[in-house]
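Now for the letters of each chain:
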Amino acid sequence: MSQMLALVILMLILFIGDLVAVRTKAWVPSIFICAVLFLGGYWTFFPQDIVALAGVPPVVATMMMYLLITNMGTLLSLQELKNQWKTIIIALSGILGIIAILFGIGTFLFGYQTVVVAIPPLVGGVVSALIMSEGAKEAGLASLSVFAIVIYVMQGFAGYPITSIVLKREGKRLLQQYRSGQLAEKAQGKAAAEVAATAVAKPELKLFKNMPEKYNTDFFKFLRLSLVAYLAYLTSTLLAPVVTISPFVLCLLFGVIATSAGFLERQVLQKANGFGFAIMALMLFIFDGLKQATPSMMLEIIYPLVGTIVLGVIGMYIFSFIAGKILKVSKDMAFAVSLTALYGFPADYIITNEVIKSLTEDEREREMLTSHMLPPMLVGGFITVTMVSVVLAGIFVGFL
C-alpha cells in the first residue's frame, strides 16, 4: 500500500467519524465510530503499520502530544486549577470505585491475577498497560500479558458513548439554567465575570507587549510552545532521580504558568494553524493500538474483558455519585469526570467539544458550556490517566 493511499483511507475514517457525530448530534462520538472502523480494517486488509506508513510514526505522535498538552494548559488559568479541587477528589473517588468493586466482586468471577492486571490499564493509558503487560509476561502469564494491552485498547468502547450521553445531559441542564437566568444569578459574582472575560477579553502577551504584531508569526508561536514543552520535559528528567513525574503532566502545568506569565497566548496552537493537524496525528496514534487486538485474542479474553469493564464502570458511577453528592457537583458531571479514566486525552477534549457543538449554535452559550465542562474533563483525564494510573501500575505489578 502506498503512503498516499494509506493517508486517504485514514482521513476517510476520520471524516466518517465526524459525519456520524454531526448527524447524531454527538450521541455517537466520532472517536467510537473511528475505533470500530479501525478494528474492522485491521481484521481485514489494513497493513499493521498503516498509521506509520501514512506518515505518522510514534515519534511524530509523541511530538504532537507534547505540543497539544502544553496548548491545553493555555485554556486554564492558575485560579481555574485551584478551582478544580473538587474534580480531583471526584476523579480519585472513581478510581477507588474501580478498585473496590473489582477486588470485591471481580476477584471471585475472574481470579485475583486477572483483576490485578486489569485495574491499572482500566484507569490509565498506554504506559500503565505496558507496565502490566511486561509484568505479566515476566511472571509467565502470557494470556494476561495480552489482556493488559487489549483492555487498554477496548475500554474506550464503553467510555466514549456513555460520556457523550452524560455530558449531553449536563450540557442541557446548564443551558436551561443559563437561558432562564438561574446560572447568571448563581454566578453573578466571580464565575460569571470569569466566563464573560474568557468570551470577550483579548489575550495579551505581556512579555512581548512592545513587539510589533507582524513578528508574532506562526513559527514564533510554535517556537514558544515548543520551548515551554521542552522545559516541562527537562524538569521531568531532572526530577527523575528523586521523584517520577510524567513530562505530560508538567506540560499542562507549564502551559498554565506560561500563559499566566504572558509568554503564551490562549489557544496558541490554534492561532499557529497547527491544532487540526496535531489532533489528527494523535488520534491516528491512538487507533494504531487497535492492531494488537486480533479476533482470536478477543474471543479468548472476551469474558474477563467485558466483565472487568462493566464492573469498573459500575464502581465509578457509585463512588463518583457519592463524591458528587458530598461536594455538590451534579451526578452527570461527576460521572463524566470519572469516565475520563477510560480514555484520557485527547478523547476527553474531543468528546466534550463535540457535545458542546451539538447542543447550541450560539457562541456565547458555547463559551459558557466550555468554561463549565472542559476544565473538569481535562483535569480529570490528567489526574486519572497520566498520573494515578502509572503509580498504580508500579504498585500492582509487584502483586503478580
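Cut-offs applied
- Residues numbered from 1 in each chain as written.
- Predicted model: local features only at pLDDT ≥ 70, side-chain atom pairs only at ≥ 80, totals over all residues.
- Heavy atoms only, no water.
- Helix = DSSP H or I, 4+ residues; strand = E, 2+ residues; numbered from the N terminus.
- Contact = heavy atoms within 4.5 Å.
- Phe/Tyr/Trp six-rings, centres within 6.5 Å; stacked < 30°, edge-to-face > 60°.
- Buried < 20%, exposed > 50% of the residue type's maximum accessible area, 1.4 Å probe, protein only.
- Expected span 1.5 Å × (residues − 1).
- Patch = residues over 30% accessible without salt bridge, like charges linked within 9 Å, V, L, I, M, F, W, Y side chains within 5 Å.
- Areas by Shrake-Rupley, 256 points an atom, 1.4 Å probe, with all protein chains shown as cover.
- Salt bridge = Lys/Arg side-chain N within 4 Å of Asp/Glu carboxyl O.
- Core = buried A, V, L, I, M, F, W, Y, C linked by side-chain atoms within 4.5 Å.
- Axes fitted to C-alpha atoms, helices over the stretch in contact; angles between N-to-C directions.
- Left-handed = near helix turned anticlockwise from the far one by under 90°.
- Nonpolar A, V, L, I, M, F, W, Y, C, P; charged D, E, K, R; others polar.

It is worth spelling out the environment of Lys221 at this point. As for its placement among the helices and strands, Lys221 is situated in helix α13 (residues 218-239). Counting along the chain gives 50 residues from Lys221 to Lys271, while the straight-line C-alpha distance between them is 8.0 Å. Those residues in contact with Lys221, other than ones at most four positions away along the chain, are Asn216, Glu265, Val268, Lys271 and Ala272.

One pass over the structure, following the stated rule, counts 14 aromatic pairs. Ring centres of Phe208 and Phe263 lie 5.7 Å apart, and the angle between their planes is 45°; on these two criteria the pair is classed as tilted. Here Phe208, found in the loop between α12 (190-200) and α13, pairs with Phe263, found in the loop between α14 (247-261) and α15 (268-271); they are 55 residues apart in sequence, far enough to count as distant. Note on Phe208: relative accessible area 21%, which makes it partly exposed. On the numbers, 5.5 Å between centres and 65° between planes, the contact of Phe275 with Tyr349 is edge-to-face.

Compared with the 18 Å implied by 1.5 Å per residue over 13 residues, the 18 Å span of helix α19 (residues 347-359) between its first and last C-alpha is a close match. Within α19, eleven of the 13 residues are buried, leaving the element largely enclosed by the surrounding structure. All buried positions along α19 are accounted for by Ala347, Asp348, Tyr349, Ile350, Ile351, Thr352, Asn353, Glu354, Val355, Ile356 and Leu359.

Right, let's get into the side chain of Thr352. On the secondary structure map, Thr352 appears in helix α19. Judged by its relative accessible area of 0%, Thr352 falls in the buried class.

This paragraph deals with the environment of Leu183. Structurally, Leu183 can be placed in helix α11 (residues 182-186). Spatially, the C-alpha atom of Leu183 lies 49 Å from that of Ser145, the residues being 38 residues apart in sequence.

Right, let's talk about a nonpolar patch on the surface for a bit. A cluster of nonpolar side chains, contributed by Ile105, Leu109, Ile302, Tyr303, Val306, Val310, Ile314, Tyr317, Ile318, Phe321, Ile322 and Ile326, occupies part of the molecular surface with about 1,100 Å² of accessible area. Residue assignment for the nonpolar patch shows that the elements contributing at least two residues are α6 (85-110) and α17 (295-327). Of the residues forming the nonpolar patch, the biggest block, ten residues, is contributed by α17. Of note, Ile322 is situated in helix α17. Residue class for Ile322 comes out partly exposed when judged on its relative accessible area of 45%.

Within the largest apolar cluster, 123 residues are counted, with the highest numbers of intra-cluster contacts made by Phe38, Met154, Phe287 and Leu290. Look past the residues within four positions of Leu290 in its chain and what remains in contact with it is Ala35, Phe38, Leu39, Tyr42, Val153, Met154 and Phe157.

A few words on the packing of α6 against helix α7 (residues 112-122). Packing of α6 against α7 brings their axes to within 8 Å, and their N-to-C directions diverge by 145°. Between α6 and α7 the crossing geometry is right-handed. Across the interface between the two elements, Ile98, Ile99, Leu102, Phe103, Gly106, Thr107 and Phe110 of α6 pack against Tyr112, Thr114, Val115, Val116, Ile119 and Leu122 of α7. The class makeup of the residues in the contact of α6 with α7 is ten nonpolar, three polar and no charged.

What follows deals with the pattern of salt bridges. The tally for this structure, following the rule as stated, stands at seven salt bridges. One salt bridge connects Arg173 with Glu170, and the closest N-O pair in it is separated by 2.8 Å. Of this pair, Arg173 and Glu170 both sit in helix α10 (residues 156-180), separated by three residues, roughly a single helical turn. A salt bridge links Glu363 to Arg366, with the nearest nitrogen and oxygen atoms 3.8 Å apart. Of this pair, Glu363 and Arg366 both sit in helix α20 (residues 363-396), three residues apart, roughly one helical turn. Look at Glu363 and you get exposed, because its relative accessible area is 52%. Accessibility expressed as a relative area gives 17% for Arg366, which makes it buried. Residues participating in the shared-partner salt-bridge network are Glu361, Glu363 and Arg366.

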